Amino acid sequence: MKKLLTNYFEEYNVTNLQKDSYEDFLNNRIYDIIREENKIEVNFTKTEKYTVIFRDPIIEKPLIIEEDRTIRTFYPAEARVRDLTYDAPICINIEEIFSKLVDGEYVVSDHNINNKVIITRIPIMLQTTRCNLYGLTRDQINHAGEDIWDYGGYFIIKGKERVLVSQERINY
């Protein structure tokens, strides 16, 4: 048993469960949520209808907007020092359709597409694919102000390190 556990932890570290679950959420679940409920229809009057369709969610890497309105990437060490949340925008394409009832059928009177609209920001777990540290060499990680032996698997919220504690419980 000891050899089995040793071999497992040589290949995987203790944070892989957290990181894999988070990656699944980012890469699959967000897209599924958008696909399941992607359309909203509002009837203004008996003859006018407004439809909004949400498409193609995009999760960026962490960015910061400085006071001079410049946008740049930043690393977790800077988030800790400046009491920032290490998060990234979720953008989505929004299609707007204005329709009017003509001869018993709705006809499109106006159609707009808004690309890459930021709808929210999401905290980014360190050392996952959306993290700015992902894929860097040890020297680059060290230069970014991080510990080269830090495996990640946690978040930085308002400059503080936070972790999700997973637990198993019975569904009622």
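Preceding this section is the structure that the text describes.
What comes next is a walk through the structure. (Residues numbered from 1 in each chain as written. Predicted model: local features only at pLDDT ≥ 70, side-chain atom pairs only at ≥ 80, totals over all residues. Heavy atoms only, no water.)

A look at the pattern of salt bridges
Part 1: Under the counting rule described, the total for this entry stands at twelve salt bridges.
Part 2: The shortest N-O distance in the salt bridge between Asp 32 and Arg 35 comes to 3.1 Å. Placement of the pair is Asp 32 and Arg 35 together in helix α2 (residues 16–36), with a separation of three residues, close to one helical turn.
Part 3: For Asp 32, a relative accessible area of 22% gives the class partly exposed.
Part 4: Residue Glu 95 pairs with Arg 55 through a salt bridge whose shortest N-O separation is 2.1 Å. In this pair, Glu 95 is assigned in strand β5 (residues 87–102) and Arg 55 in strand β2 (residues 48–59), connecting sequence segments 40 residues apart.
Part 5: In this structure, a network of salt bridges that share partners links the residues Glu 66, Arg 72, Glu 78 and Arg 82. (Salt bridge = Lys/Arg side-chain N within 4 Å of Asp/Glu carboxyl O. Helix = DSSP H or I, 4+ residues; strand = E, 2+ residues; numbered from the N terminus. Buried < 20%, exposed > 50% of the residue type's maximum accessible area, 1.4 Å probe, protein only.)

A word on α2
Part 1: For α2, which comprises 21 residues, the first-to-last C-alpha distance of 29 Å matches the rise-based estimate of 30 Å (1.5 Å per residue) to within 8%.
Part 2: The sharpest bend along α2 comes to roughly 40°, located at Phe 25.
Part 3: For α2, the full list of buried residues reads Asn 16, Gln 18, Lys 19, Tyr 22, Glu 23, Leu 26, Ile 30 and Ile 34.
Part 4: Against β2, β5, β6 (105–123) and β7 (155–157) lie the buried residues of α2. (Expected span 1.5 Å × (residues − 1). Bend = angle between axes of the 7 residues up to and from the residue. Contact = heavy atoms within 4.5 Å.)

Points about the nonpolar core
Part 1: Counting residues in hydrophobic clusters, the biggest one holds 20 residues, and the most contacted among them are Tyr 22, Tyr 86, Ile 122 and Ile 124.
Part 2: Contributions of two or more residues to this core are made by α2, β5 and β7.
Part 3: It is α2 that provides the largest number of residues to this core, a total of three residues.
Part 4: Those residues in contact with Tyr 86, other than ones at most four positions away along the chain, are Pro 62, Phe 74, Tyr 75, Pro 76, Ala 79, Pro 123, Ile 124, Leu 126, Cys 131, Asn 132, Leu 133 and Ile 156.
Part 5: Membership of the second largest hydrophobic core comes to five residues, among which are Ile 34, Tyr 50, Val 52 and Ile 92. (Core = buried A, V, L, I, M, F, W, Y, C linked by side-chain atoms within 4.5 Å.)

Details of the layout of surface pockets
Part 1: Taken as a whole, the largest pocket encloses approximately 300 Å³ of empty space.
Part 2: Along its surface, the largest pocket is lined by 18 residues, and Asn 13, Lys 19, Gln 127, Tyr 134 and Tyr 151 are the ones closest to its centre.
Part 3: The element that contributes the greatest number of residues to the lining of the largest pocket is α2, accounting for four residues.
Part 4: Of the residues belonging to the lining of the largest pocket, the class tally is seven nonpolar, six polar and five charged. (1 Å grid on protein atoms, 1.4 Å probe; cavity = no way out; pocket = protein on both sides within 12 Å on 5 of 7 lines; lining within 4 Å. Points joined across faces, edges and corners; volume = space filled by probe spheres on them. Nonpolar A, V, L, I, M, F, W, Y, C, P; charged D, E, K, R; others polar.)

Some details on the sheet that holds β6
Part 1: Reading across from one edge, β1-β2-β5-β6 is the order of the four strands in this open sheet, with antiparallel pairing throughout. Pairing within the sheet leaves two strands with one partner each, and these edge strands are β1 (39–43) and β6. Going across the sheet, the axis of each strand differs from the next one's by a mean of 20°, ignoring polarity.
Part 2: Examined bridge by bridge, β2 and β5 share ten bridges and lie antiparallel to one another. By the bridge assignment for β5, Val 52 is matched with Glu 96.
Part 3: Running at roughly 165° to β2, α2 makes contact with β2, β5 and β6 of the sheet. (Pairing = 2+ DSSP bridges. Axes fitted to C-alpha atoms, helices over the stretch in contact; angles between N-to-C directions.)

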